[in-house]
Amino acid sequence: MQSINKTLSLLLTLVFVYSAGFVLSGRNNVLAADPNTFNRLLKKNKVRNPAPPKDGIHNIQSDGTYILQPPLEAFKKLPKSRAGNYVDWVKALKMKKIQPRYDKNDPKVKPIIMDLNIIREVKGSMPDVVYPHAQHTEWLDCSNCHPAIFIPQKGANQMSMASILLGKQCGVCHGKVAFPVTASTCRTCHSKAKKPKKSAKNKNVSAVKK
Ligand code: HEC
Ligand code: HEC
Ligand code: HEC
């Protein structure tokens, strides 16, 4: 626990540096709050899933904005999650509560799902990251990630939490169009408990065992 706290405070410092830059550069005049609520220094949305005219994303001068169905109404019947827009989209797809078209012009096109997990070992006490190709290729094409975001070779890409929070790597989507980084989502990515080390001296190991 101690070391998780240390990690959190280190990350918060990094995030502080980032958000200070954000304020200084004057880019914080957007209404939409940063969904990565893990960043406690940025304002949180007071209302969950606000209606399009109030979400700070849609153009309030456009008539179209007022005829869109408000998300709260549309999401009512979908399985819940604890962050982002509070919908578990992976589950919603699995339960066939939503059946999005893979190809906008052809309703018959089905995705080619690749079932390959990539395990990224994490230094320190956090559990390792499991990147699942299956849950991503249900919605996304290989070319959404390869090669612009990730070289398709295990271990070839340098990744870190700081750059994810800055909107790179996983952060190109997570915190924008997929679930954000919040205290309740760490374990969704960091899902693989580390094997206990043989050395009896390593006291941190018991803390990460699930
Ligand atoms: C959402 C992003 C994303 C999508 C979409 C995606 N991948 Fe990947 N892929 C990754 C990541 C992340 C890695 C791991 C890279 C690393 O470890 O540095 C990876 C690794 C790979 C690897 C290397 C495996 C190994 O063992 O070295 C291959 C091959 C690959 N992807 C092929 C594909 C193919 C084919 C598709 C489409 C069917 C696809 N990927 C879709 C993110 C993605
Ligand atoms: C969207 C997926 C995702 C989420 C959510 C996430 N992480 Fe990470 N995390 C990663 C990836 C990817 C790495 C890089 C792993 C590697 O080195 O290959 C990482 C690395 C780390 C590291 C190692 C040091 C560093 O900064 O890179 C720590 C510590 C960490 N994460 C803590 C957290 C905590 C705490 C949370 C929750 C507040 C969290 N992570 C949420 C994907 C995620
Ligand atoms: C191109 C966009 C994109 C990138 C890049 C991306 N993801 Fe995702 N990810 C998604 C989408 C879309 C979903 C499904 C919607 C959701 O769960 O919010 C998803 C879902 C997930 C899930 C949930 C699986 C489940 O069973 O609920 C995990 C875990 C995950 N991503 C980890 C990662 C990690 C780790 C990385 C970086 C190595 C990454 N993603 C990069 C778009 C992306």
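Positions within a chain are numbered from 1, following the residues in the order the chain's sequence is written. Whichever chain is written first is A, and whichever ligand is written first is 1; the rest continue in order. This being a predicted model, a pLDDT of at least 70 is required before a residue's local features are given, and a value of 80 or more before pairs of side-chain atoms are given or counted; all residues contribute to the totals for chains, interfaces and linings.

### So, the overall build of the protein chain
Here is step 1: When helices and strands are counted, the protein chain shows nine helices and two strands.
Here is step 2: A run of H or I in DSSP counts as a helix once it spans at least four residues, and a run of E counts as a strand once it spans at least two, with each numbered from the N terminus. Along the protein chain, helices (α) and strands (β) appear in the sequence α-α-α-α-β-β-α-α-α-α-α when read from the amino end.
Here is step 3: Counting other C-beta atoms within 10 Å of a residue's own tells you its class, since 20 or more makes it buried, 12 or fewer makes it exposed, and anything in between is partly exposed; those C-beta atoms are placed from the backbone. Evaluated residue by residue, the protein chain yields a buried proportion of 10% over its 210 residues.
Here is step 4: Residue pairs qualify as contacts under a 7 Å threshold applied to their C-beta atoms, which are placed from the backbone. Sequence separation of 24 or more characterises 45% of the internal contacts of the protein chain that already satisfy a separation of 6 or more.

### Description of the site of ligand 3
Here is step 1: A residue counts as near a molecule or strand when its C-beta atom, positioned from the backbone, falls within 6 Å of it. Around ligand 3, the surrounding shell holds 22 residues, and the nearest of these are Val-90, Cys-170, Cys-173, Ala-178 and Phe-179.
Here is step 2: Secondary-structure elements contributing two or more residues to the shell around ligand 3 are helix 4 (89-94), strand 2 (129-132), helix 5 (133-137), helix 6 (142-145) and helix 8 (186-189).
Here is step 3: Per-element accounting of the shell around ligand 3 gives the leading share, three residues, to strand 2.
Here is step 4: Taken together, the residues of the shell around ligand 3 break down into 16 nonpolar, six polar and no charged. Under the convention adopted here, Pro, Cys and the residues Ala, Val, Leu, Ile, Met, Phe, Trp and Tyr are nonpolar, Asp, Glu, Lys and Arg are charged, and Gly plus all remaining residues are polar.

### Things to note about the environment of Val-129
Here is step 1: With respect to the secondary-structure elements, Val-129 resides in strand 2.
Here is step 2: The exposure class of Val-129 is partly exposed, given the 18 C-beta atoms found within 10 Å.

### Topic: the site of ligand 2
Here is step 1: Neighbouring ligand 2 are 23 residues; Arg-120, Ser-160, Met-161, Cys-186 and Cys-189 lie closest to it.
Here is step 2: Of all the elements in the fold, those that place two or more residues in the shell around ligand 2 are helix 1 (2-24), helix 7 (161-165) and helix 8.
Here is step 3: The class makeup of the residues in the shell around ligand 2 is 14 nonpolar, seven polar and two charged.
Here is step 4: Note: domain ranges come from an automatic or database domain assignment. Counting residues domain by domain, the shell around ligand 2 receives three or more from each of domain 1 (1-76) and domain 2 (77-195).

### Brief notes about the environment of Val-172
Here is step 1: Note that Val-172 resides in the loop between helix 7 and helix 8.
Here is step 2: When the C-alpha positions of Val-172 and Ile-149 are compared, they lie 8.2 Å apart, and in sequence the two are 23 residues distant.
Here is step 3: Residues in contact with Val-172, not counting those within four places in the same chain, are Ile-149 and Gly-167.

### Brief notes about the confidence of the model for the protein chain
Here is step 1: Confidence scores labelled pLDDT are given residue by residue by the predictor and lie between 0 and 100. Overall, the prediction assigns the protein chain a mean pLDDT of 82, with 71% of residues at 70 or greater.
Here is step 2: Residue range residues 10-31 is modelled with pLDDT below 50. Its contacts to residues more than four positions away, or to other chains, number 16 contacts.
Here is step 3: When the criterion is pLDDT under 50, residues 205-210 qualifies, and its contacts beyond four places in sequence or with other chains add up to twelve contacts.

### A word on unusual backbone geometry
Here is step 1: The omega torsion across His-146 and Pro-147 is 0 degrees, close enough to zero to call that bond cis.
Here is step 2: Assignment of secondary structure puts Pro-147 in the loop between helix 6 and helix 7.
Here is step 3: For Asn-49, which is not glycine, the phi dihedral falls at a positive 45 degrees.
Here is step 4: A positive phi angle is found at Gln-169, which is not glycine, with a value near 45 degrees.
Here is step 5: Structurally, Gln-169 is set in the loop between helix 7 and helix 8.
Here is step 6: Overall, the presence of 18 C-beta atoms within 10 Å leaves Gln-169 in the partly exposed class.

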